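# Per-entry structural report
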Amino acid sequence: MSMTDLSSSSVQRDACVSGDEHQQRENLFTLLKQALKARGFTYARLAAEMNMSELSIKRLFKEKDCKMSRLLEVCSIIGLSIDELIQMQQRFRHIPEYLPESVEAALAADKQLFLILILLVSQVDIPTVGSLMEVDQARLYLYLRELEKLGIIELRSGVGFRFRVSLPIQWRMGGQLADLIKGINKRYIAHCLDHEKDSEYAFTTASRLMSKSSVLQIQNHLRRVREEFDYLSSQDQMFYKVEELQFYKLVFGMGPFPVDVILADE
C-alpha cells in the first residue's frame, strides 16, 4: 500500500493547526475508535496500557483531545502509524480527477494493465495483485513498469510504489475506456445473477412508474451508500491484515428505462 512520507511536524500541522481543526479532530478520533474495535481494544484495556483511568480515556475520546503526544501513544499501543491515520483521513478530502486522455487510451488497449491499476487504486498490495491476476513476478513487474512509464506510479525498492497522480481517479464514461468499462460491468452483473442465492452476493432489480422527486431521493441514498462503501473499505484496509480481506465490487444504476434500447439487438 503506497503512503506519502509525512514528517512529524507536517502531521502535527495537518492534525491540529489547520483551519478545519475541529473536523479533522472528529475524523481522527472516529478512525481511532474504529481501530480500537477492529483490534479488540476496550477503553478499559487501553486505559491499562496507558496507565490512565478508564474514565480519563472515555473523556479523551469524548472531548477529542488533539495533543500529539496522546495520539502517538494511542497509535503506538494499537500498532497503527500516525502517518497512516492522517493519510487515511486526507484520502477522502480529494476530489476525483481524470487521467490524461492519452493515458486512458493506453489503458484501454491492454485490459490486464487496466485491471492491475484498478486493483492498485483499490489499495490491494502488489503480491496480492499478482495472485489475483495470476501473473508471475516477472510479468507483473513489466506491467508495473508500464504504469510507471505512463506517469501513474513510481516504483520503489522491493515491492513498494507510490502514486504520481491524485486519488481517487475518475474515468471518462464516454472516453477511450468506455467499451472496456461496460464489458467489465456487464460480466460482473451476469456473475452476480449467477450467484444470486450465494450469501456473499446481493442483487436486486426493479422497474416502476415514479415521480422525479422520488427518484432524486433514492439516488441520493445510493450516493450515500457509495460514500459508505469507500469509507468502510478504506478503514478495513487500514485495520485488518490483507489475508483477512476479500476483494469486492459495488455496481448500481438507476435512471429512465429505455425499453427500445434494451430490446435492440447488440
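Residues numbered from 1 in each chain as written. Predicted model: local features only at pLDDT ≥ 70, side-chain atom pairs only at ≥ 80, totals over all residues. Heavy atoms only, no water.

## Notes on helix 8 (residues 111–121)
- All of the buried residues along helix 8 are Leu113, Phe114, Ile116, Leu117, Leu119 and Leu120.
- As for helix 8, its buried residues are in contact with helix 7 (101–108), helix 9 (126–133), helix 10 (137–149), strand 3 (161–163) and helix 11 (178–194).
- Its side-chain oxygen at 3.2 Å from the backbone nitrogen of Gln112, Asp110 defines the N-terminal cap of helix 8.
- Phi for Gln123, located one or two positions after helix 8, is positive at around 70°. (Buried < 20%, exposed > 50% of the residue type's maximum accessible area, 1.4 Å probe, protein only. Helix = DSSP H or I, 4+ residues; strand = E, 2+ residues; numbered from the N terminus. Contact = heavy atoms within 4.5 Å. Polar contact = N/O pair within 3.5 Å; in protein donor to acceptor, adjacent residues only side chain to side chain.)

## Brief notes about the pattern of salt bridges
- Across all of its chains, the model carries 5 salt bridges by this definition.
- Its salt-bridge partner being Arg172, residue Glu104 comes within 3.3 Å of it at the nearest N-O pair. Placement of the pair is Glu104 in helix 7 and Arg172 in the loop between strand 4 (169–170) and helix 11, with a sequence separation of 68 residues.
- Among the salt bridges present, the one from Arg162 reaches Glu154, with a minimum N-O distance of 3.0 Å. (Salt bridge = Lys/Arg side-chain N within 4 Å of Asp/Glu carboxyl O.)

## Quick notes on the packing of aromatic side chains
- By the definition in use, this model includes 3 aromatic pairs.
- Relative to Trp171, the ring of Phe114 lies with its centre 5.2 Å away and its plane at 75°, an arrangement referred to as edge-to-face. Placement of the pair is Phe114 in helix 8 and Trp171 in the loop between strand 4 and helix 11, with a sequence separation of 57 residues.
- Judged by its relative accessible area of 15%, Trp171 is buried.
- Each ring, one from Phe161 and one from Phe163, has its centre 5.3 Å from the other, and the planes form 80°; the classification is edge-to-face.
- For Phe161, a relative accessible area of 7% corresponds to the buried category. (Phe/Tyr/Trp six-rings, centres within 6.5 Å; stacked < 30°, edge-to-face > 60°.)

## Some thoughts on unusual backbone geometry
- One non-glycine residue with positive phi stands out, namely Gln123, at about 70°.
- Here Gln123 lies in the loop between helix 8 and helix 9.
- Classification of Gln123 by relative accessible area gives buried; the value is 13%.
- If you check the backbone angles, Glu134 has positive phi at about 55° while not being a glycine.
- Tracing the backbone through its elements, the reader meets Glu134 in the loop between helix 9 and helix 10.

## A look at the packing of helix 8 against helix 11
- Relative orientation of the contacting elements helix 8 and helix 11 amounts to 70°, with a least axis distance of 12 Å. Taken as axis vectors, helix 8 and helix 11 run roughly perpendicular relative to one another. Between helix 8, through Lys111, Phe114 and Leu115, and helix 11, the contact on the second element is made entirely by Leu180, Ile181, Ile184 and Arg187.
- Considered class by class, the residues forming the contact of helix 8 with helix 11 number 5 nonpolar, no polar and 2 charged. (Axes fitted to C-alpha atoms, helices over the stretch in contact; angles between N-to-C directions. Parallel < 35°, antiparallel > 145°, perpendicular 65-115°, else oblique. Nonpolar A, V, L, I, M, F, W, Y, C, P; charged D, E, K, R; others polar.)

## Observations regarding the packing of helix 8 against helix 10
- One can describe the packing of helix 8 onto helix 10 by two numbers: an axis separation of 10 Å at closest approach and a directional angle of 80°. Judged on the interaxial angle alone, helix 10 and helix 8 are roughly perpendicular. On helix 10, the residues touching Gln112, Leu113, Ile116, Leu117 and Leu120 of helix 8 are Leu140, Tyr143, Leu144, Glu146 and Leu147.
- Of the residues in the contact of helix 8 with helix 10, the class split is 8 nonpolar, 1 polar and 1 charged.

## Observations regarding the confidence of the model for the protein chain
- Looking at the protein chain as a whole, the pLDDT averages 83, with 85% of positions reaching at least 70.
- When mean pLDDT is taken per element in the protein chain, helix 7 scores highest with 97 and helix 1 (residues 8–16) scores lowest with 37.
- Low confidence marks residues 1–19, where pLDDT is under 50. Its contacts with residues over four positions away, or in another chain, come to 36 contacts. (pLDDT = per-residue confidence, 0-100.)

## Section: the nonpolar core
- With 30 residues, the main nonpolar core has Leu107, Leu120, Leu147, Ile152 and Trp171 as its most contacted residues.
- When residues of this core are traced back to their parent elements, those giving at least two are helix 7, helix 8, helix 9, helix 10, strand 2 (153–155), strand 3 and helix 11.
- Looking at which element gives the most residues to this core, the answer is helix 8, with 6 residues.
- With residues up to four places along the chain from it excluded, the contact list for Ile152 reads Leu99, Val103, Leu107, Leu117, Leu147, Arg162, Phe163, Arg164 and Val165.
- Judged by nonpolar contacts, the second largest core, of 22 residues, contains Leu28, Leu46, Val74 and Ile82. (Core = buried A, V, L, I, M, F, W, Y, C linked by side-chain atoms within 4.5 Å.)

## Here we look at helix 10
- Here helix 10 contains 13 residues, and its C-alpha end-to-end distance of 18 Å stays within 8% of the 18 Å for a straight helix at 1.5 Å per residue.
- All of the buried residues in helix 10 are Leu140, Tyr143, Leu144, Leu147 and Glu148. For helix 10, the arc enclosing every buried residue in end-on projection is 145°, short of the 170-degree limit, so these residues lie on one face. Across from the buried face of helix 10, at angles greater than 90 degrees, the exposed residues are Ala138 and Lys149.
- Buried residues along helix 10 sit against helix 7, helix 8, helix 9 and strand 2.
- The N-cap residue of helix 10 is Asp136: its side-chain oxygen and the backbone nitrogen of Ala138 are 3.3 Å apart. (Expected span 1.5 Å × (residues − 1). Arc of directions from axis to C-beta.)

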